[in-house]
Amino acid sequence: MGYRHIDTAEYYRNEKEIGQALHETFAAGLKREEVFVTSKRSLTDLGLDYLDLYLMHFPVAYARGDNFLPFDDKGQAFTLDIHFMETWKAMEKLVDAGLVKAIGVSNFNISQMEEVLTNGRIKPAVNQVESHPYLGCHRLLEYCTAKGVVITAYCPIARPGSQEAEEYKVGSLLEDPVIVEISNKHGKTPAQVCLKWQIQRNVVVIPKSSTPARIKENSQLFDFELSEDDMSAINKLDKNGRLCWFSLACTTHQHWPFDEEF
Ligand SMILES: NC(=O)c1ccc[n+]([C@@H]2O[C@H](COP(=O)([O-])OP(=O)(O)OC[C@H]3O[C@@H](n4cnc5c(N)ncnc54)[C@H](OP(=O)(O)O)[C@@H]3O)[C@@H](O)[C@H]2O)c1
């Protein structure tokens, strides 16, 4: 379909498959430098020599066990008392060693960004956070833009019909009357409008779909433009509609990020 940005992580349990698919594509002629691979762990599993972007997935350090991400009997993840700055300093060494071209963070709030920007040697290239019209992250975007840090939006169409959308009463973004009206006006789909809104405010988007027609739809964004009125109507939909609270994973930890407004 022409996508060139791959976002993965150890947590998604698909690095081996993605590595295999990439190698098939390289064998068919695509060059490594023509794809941008972001991950939150491993070169070995992906079978690559370097990552374009390596992200710290979460500010809280999880304990490693025989099981991936082990939980205690209260359903909370086992965590470690390792400060994210310690992890960041280790990641900086990977840039020095040429194993990763750029490093960044994910799910970091403004105070945590401030700490990395103040105490780190290398500036984070990216902060990857949940963002869609119901969770605009307007403060964080303004802060990161001023500091020259790119925001990447995950869940950019707010996981339509998911359990979390129901559990956290986020609702169905793709059926929102404002989004539907704007999409009808432009002859585009609600998902395309949500993605275009992010692109027009300089936010990178990483929609996920396993449906070929939607994968294509989500890439057809460059033949229309949202007006200023469209942009501000979408901005007003913000309602702190977070889907990914990582609530099983350490809400009591001092570095759990979502106590602060994004
Ligand atoms: N850093 C982090 O902590 C973090 C957390 C979560 C996600 N992420 C990243 O962000 C990516 C996207 O997030 P996400 O998958 O959670 O949420 P999302 O992209 O907002 O939503 C994915 C869901 O939307 C459906 N969908 C996709 N395109 C659609 C369209 N055009 N119309 C209607 N439905 C559509 C998909 O269904 P089908 O697949 O059935 O088509 C899938 O169920 C992930 O793949 C991952 O790389 C990062």
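Let us look at the structure shown here. (Residues numbered from 1 in each chain as written. Predicted model: local features only at pLDDT ≥ 70, side-chain atom pairs only at ≥ 80, totals over all residues. Heavy atoms only, no water.)

1. A look at the overall build of the protein chain
Within the protein chain, the regular secondary structure consists of 10 helices and seven strands. What you see for the protein chain is a C-alpha radius of gyration of 19 Å, in line with the 18 Å of a compact globule of 262 residues. A principal-axis box enclosing the C-alpha atoms of the protein chain has dimensions of 50 × 50 × 40 Å. Within the protein chain, buried positions represent 47% of all 262 residues. Counting only contacts in the protein chain whose residues sit at least 6 apart along the sequence, the fraction spanning at least 24 positions is 68%. A total of about 13600 Å² of accessible surface is found on the protein chain, and carbon and sulfur atoms cover 51% of it. Averaging the coordinates of the 28 positive side-chain charges in the protein chain and doing the same for the 37 negative ones gives two points 3 Å apart. (Helix = DSSP H or I, 4+ residues; strand = E, 2+ residues; numbered from the N terminus. Rg over C-alpha atoms; globule rule 2.2 N^0.38 Å. Buried < 20%, exposed > 50% of the residue type's maximum accessible area, 1.4 Å probe, protein only. Contact = heavy atoms within 4.5 Å. Areas by Shrake-Rupley, 256 points an atom, 1.4 Å probe, with all protein chains shown as cover. Lys, Arg positive; Asp, Glu negative; His and termini not counted. Charge placed at Lys NZ, Arg CZ, Asp CG, Glu CD.)

2. Remarks on helix α7 (residues 177-186)
Of all the positions in α7, only I179, I182 and S183 are classed as buried. Mapping the buried residues of α7 onto a view down its axis gives an arc of 100°, with all of them on the same face. Facing away from the buried side of α7 by more than 90 degrees, the exposed set consists of P177, E181, N184 and K185. Looking at the packing, one finds that the buried side of α7 touches α8 (190-200) and α10 (228-235). At the N-terminal end of α7, a side-chain oxygen is found 2.9 Å from the backbone nitrogen of V178, two or three residues along, and the residue is D176. Immediately beyond the C-terminal end of α7, within one or two residues, lies G187, with a positive phi of roughly 65°. (Arc of directions from axis to C-beta. Polar contact = N/O pair within 3.5 Å; in protein donor to acceptor, adjacent residues only side chain to side chain.)

3. Side note on the packing of aromatic side chains
Counted under the stated rule, the structure contains 11 aromatic pairs. Considering the side-chain rings of F58 and Y62, the 6.2 Å spacing of their centres and the 5° angle between planes classify their relative orientation as stacked. Residues F58 and F246 carry aromatic rings whose centres are separated by 4.2 Å and whose planes lie at 25° to one another, so their mutual orientation is stacked. Within this pair, whereas F58 is found in the loop between β3 (51-56) and α3 (84-96), its partner F246 is found in the segment after α10, the two being separated by 188 residues in sequence. (Phe/Tyr/Trp six-rings, centres within 6.5 Å; stacked < 30°, edge-to-face > 60°.)

4. Remarks on the sheet that holds strand β6 (residues 150-154)
Spatially, β1-β2-β3-β4-β5-β6-β7 is the arrangement adopted by the seven strands of the open sheet, whose pairing is parallel. Looking at strand neighbours, the two that pair on one side only are β1 (5-7) and β7 (204-205), the edges of this open sheet. Examined bridge by bridge, β1 and strand β2 (residues 36-39) share three bridges and lie parallel to one another. Looking at the pairing, I6 lines up with V37 of β2. (Pairing = 2+ DSSP bridges.)

5. Overview of the site of the ligand
Taken together, 25 residues form the shell around the ligand, and within it D7, R159, S209, S210 and T211 come nearest. Here an oxygen atom of the ligand sits 3.0 Å away from a polar atom, N or O, in the side chain of N107. In this structure, an oxygen atom belonging to the ligand sits 3.0 Å away from a main-chain N or O atom of I157. Here the ligand, which alone exposes 910 Å², has 84% of that area covered by the protein. Partitioning the shell around the ligand into residue classes produces 12 nonpolar, eight polar and five charged. (Near = heavy atom within 4 Å. Nonpolar A, V, L, I, M, F, W, Y, C, P; charged D, E, K, R; others polar.)

6. A closer look at the pairing of β2
For the crossover from β1 across helix α1 (residues 15-27) to β2, the handedness is right-handed. In this sheet, β3 lies alongside β2 in parallel orientation, the contact comprising two bridges. Following the sheet pairing, S39 is matched in β3 by Y54. (Right-handed = clockwise from strand over helix to strand, strands pointing away.)

7. A word on the nonpolar core
By size, the foremost hydrophobic cluster in this structure holds 65 residues, and its most contacted members are W88, M113, L140 and L226. If one sorts the elements of this core by residue count, α8 sits on top with five residues. Apart from the residues within four sequence positions on either side, L226 is in contact with I182, H186, V193, K196, W197, Q200, M231 and I234. (Core = buried A, V, L, I, M, F, W, Y, C linked by side-chain atoms within 4.5 Å.)

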